[in-house]
Amino acid sequence: PNLFAVFLFLRLFNLSIFPVFNDEAIYLNWSKAINDNWTEFKFISVLDGKPPLHYWALSVVYNWFSDPVYAGRLMSVLVSVFGFFGIFLLTQKLFKSRLTTLIALLLYTITPFILFYDRMILADVFISVFGIYIFYFSWLLFKIGFNFVKNKRIFWMKQVGLILILGVIIGLARLTKSTILVLLLGIGLSLIWGILKTKIKQKQVIALILEFIIAYGLSEVIYQAIVPEEFFVYIQN
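Predicted model only: the values in this text are computed from it and were never measured. (Residues numbered from 1 in each chain as written. Predicted model: local features only at pLDDT ≥ 70, side-chain atom pairs only at ≥ 80, totals over all residues. Heavy atoms only, no water.)

A. Spatial organisation of the overall build of the protein. From N to C terminus, the protein includes 12 helices and 0 strands. Start at the N end of the protein and walk to the C end: the helices and strands fall as α-α-α-α-α-α-α-α-α-α-α-α. Residues classed as buried in the protein amount to 44% of the 237 residues present. Excluding contacts between residues fewer than 6 apart, the proportion of contacts in the protein whose partners are at least 24 apart in sequence is 76%. Counting every atom, the protein has about 12,900 Å² of accessible surface; 70% of that belongs to carbon and sulfur. (Helix = DSSP H or I, 4+ residues; strand = E, 2+ residues; numbered from the N terminus. Buried < 20%, exposed > 50% of the residue type's maximum accessible area, 1.4 Å probe, protein only. Contact = heavy atoms within 4.5 Å. Areas by Shrake-Rupley, 256 points an atom, 1.4 Å probe, with all protein chains shown as cover.)

B. Highlighting the side chain of glutamate 24. Considering the arrangement of structural elements, one finds glutamate 24 in helix H2 (residues 22–36). Under the relative-accessibility criterion, glutamate 24 is labelled buried at 1%. In this structure the side chain of glutamate 24 is engaged in a polar contact, spanning 3.0 Å, whose partner is the backbone nitrogen of phenylalanine 21. One polar contact links the side chain of glutamate 24 to the main-chain amide nitrogen of isoleucine 121, over a distance of 2.9 Å. In this structure, glutamate 24 is in contact with Pro19, Arg73, Met120 and Ile121, ignoring residues within four places of it in sequence. (Polar contact = N/O pair within 3.5 Å; in protein donor to acceptor, adjacent residues only side chain to side chain.)

C. Fine view of the nonpolar core. Leu58, Tyr108, Ile134, Phe137 and Leu166 are the most contacted members of the largest nonpolar core, which totals 56 residues. Of all the elements in the fold, those that place two or more residues in this core are helix H1 (2–12), H2, helix H4 (53–61), helix H5 (68–95), helix H6 (98–110), helix H8 (124–146), helix H9 (152–174) and helix H12 (202–226). Tallying contributions element by element places H8 first for this core, with 14 residues. What leucine 58 contacts, discounting residues up to four positions off in sequence, is Tyr27, Leu28, Ser31, Gly72, Met75 and Ile121. (Core = buried A, V, L, I, M, F, W, Y, C linked by side-chain atoms within 4.5 Å.)

D. Region of the structure containing unusual backbone geometry. Unusually for a residue other than glycine, asparagine 14 sits at a positive phi of about 50 degrees. Phi is positive for lysine 96, which is not a glycine, with a value near 50 degrees. Summarising the element assignment, lysine 96 is placed in the loop between H5 and H6.

E. Summary view of H12. With 25 residues, H12 should cover 36 Å at 1.5 Å per step; its first-to-last C-alpha distance of 37 Å lies within 8% of that length. Buried residues of H12: Gln204, Val205, Leu208, Glu211, Phe212, Ala215, Ser219, Ile222 and Tyr223, and no others. (Expected span 1.5 Å × (residues − 1).)

F. Up close: the packing of H4 against H5. Where H4 meets H5, the closest approach of the two axes is 9 Å, and the angle between their N-to-C directions is 125 degrees. As the angle between them shows, H4 and H5 are arranged oblique. As for how H4 packs across H5, the hand of that crossing is right-handed. Touching His54, Ala57, Leu58 and Val61 of H4 are Ala71, Gly72 and Met75, all from H5. The residue makeup of the contact of H4 with H5, split by class, is 5 nonpolar, 2 polar and no charged. (Axes fitted to C-alpha atoms, helices over the stretch in contact; angles between N-to-C directions. Parallel < 35°, antiparallel > 145°, perpendicular 65-115°, else oblique. Left-handed = near helix turned anticlockwise from the far one by under 90°. Nonpolar A, V, L, I, M, F, W, Y, C, P; charged D, E, K, R; others polar.)

See the structure below:
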């Protein structure tokens, strides 16, 4: 609790101390246009090569306060809270060590690079949080796959559930910023780590790779269902 209080303090203290940066001003203008006329401007960011989800969210909070800069930065802070708890879940599952978890949370709290972006109106905070949960759920998917249980019904229920969750998160991440595809390398690293740490059969490896392909395919369905085809040329995935 004390560390979480420090986390919030560092992100909320003097949130408006910095003047609005050029990118922040552009994103606020987009969000205002979306807020004023959703039908006409909901894909305004796509014309500049940026997926729309971050700017849709920003348009929702635009009028929360008299200062839209503060509102946008506060939204980033609120999103970063999910990253804090994501780090907690991930380190607990990976290391099962209270000390390691505390060290990871401390680094996430005070690292200047993370702290700076968590206080800005940028899609990067969304991407870092999505990246944490993509790694977390992909690790769970692989872990269960490495430890095949006798009850096949329960096994496949868990796997299908994780595939759906992973597909939705990847889909939302791709709707936020296309650079999320770089973070998907974390999934490959988790698979390699699992193979090195666990005796696993070749057919299990193939099955896990296919499961991830299905999850990614679901993200593609979500992406194409939301972004009209005529805008694909503007966003290079």
